[in-house]
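# Summary of the model geometry
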Amino acid sequence: RARVIAAHRRDVERDIARGGPIDRELAALTRRVLGGERIALACWCKMKRAPRECHGDLYVEEIERRVASGFDARTTE
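Residues numbered from 1 in each chain as written. Predicted model: local features only at pLDDT ≥ 70, side-chain atom pairs only at ≥ 80, totals over all residues. Heavy atoms only, no water.

## A few points about helix H1 (residues 2-18)
Compared with an ideal rise of 1.5 Å per residue, which puts 17 residues at 24 Å, H1 spans 25 Å between its outermost C-alpha atoms and is within 8% of the ideal. Residues of H1 that are buried sit in contact with helix H2 (21-34) and helix H4 (56-68). (Helix = DSSP H or I, 4+ residues; strand = E, 2+ residues; numbered from the N terminus. Expected span 1.5 Å × (residues − 1). Contact = heavy atoms within 4.5 Å.)

## Here's the deal with the pattern of salt bridges
Evaluated as defined, the whole model comprises 7 salt bridges. In this structure, Asp23 and Arg66 form a salt bridge, with 2.5 Å as the shortest nitrogen-oxygen distance. Residue Asp23 is found in helix H2, and its partner Arg66 is found in helix H4; the two are separated by 43 residues along the sequence. Arg66 carries the same exposure label as Asp23, and that label is buried. The network of salt bridges with shared partners includes Asp23, Glu62, Arg65 and Arg66. (Salt bridge = Lys/Arg side-chain N within 4 Å of Asp/Glu carboxyl O. Buried < 20%, exposed > 50% of the residue type's maximum accessible area, 1.4 Å probe, protein only.)

## Remarks on the layout of surface pockets
The space that makes up the largest pocket amounts to roughly 270 Å³. Lining the largest pocket we find 14 residues, and of these Ala40, Leu41, Ala42, Gly56 and Val60 sit closest to its centre. Ranked by residues supplied to the lining of the largest pocket, first place goes to H4 with 6 residues. Tallied by class, the residues present in the lining of the largest pocket amount to 10 nonpolar, 1 polar and 3 charged. (1 Å grid on protein atoms, 1.4 Å probe; cavity = no way out; pocket = protein on both sides within 12 Å on 5 of 7 lines; lining within 4 Å. Points joined across faces, edges and corners; volume = space filled by probe spheres on them. Nonpolar A, V, L, I, M, F, W, Y, C, P; charged D, E, K, R; others polar.)

Distances and angles like these do not, on their own, reveal function.
Okay, structure coming up:
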């Protein structure tokens, strides 16, 4: 599990660095959060046995990082 999540993290980081589709979706989710919407992300592996590390945690961490860093919703479509 840890190895797969680490590999997924590298893939996500590469996608963010190049402004790929994951980056664009994370930007869209961040804009929604900044607009006051409550977002619930869920994954079957997280729900199966909590608390359990999940690749989806990476998305939550990145959205939280963007919100905390003053993400400019106007800069990313």
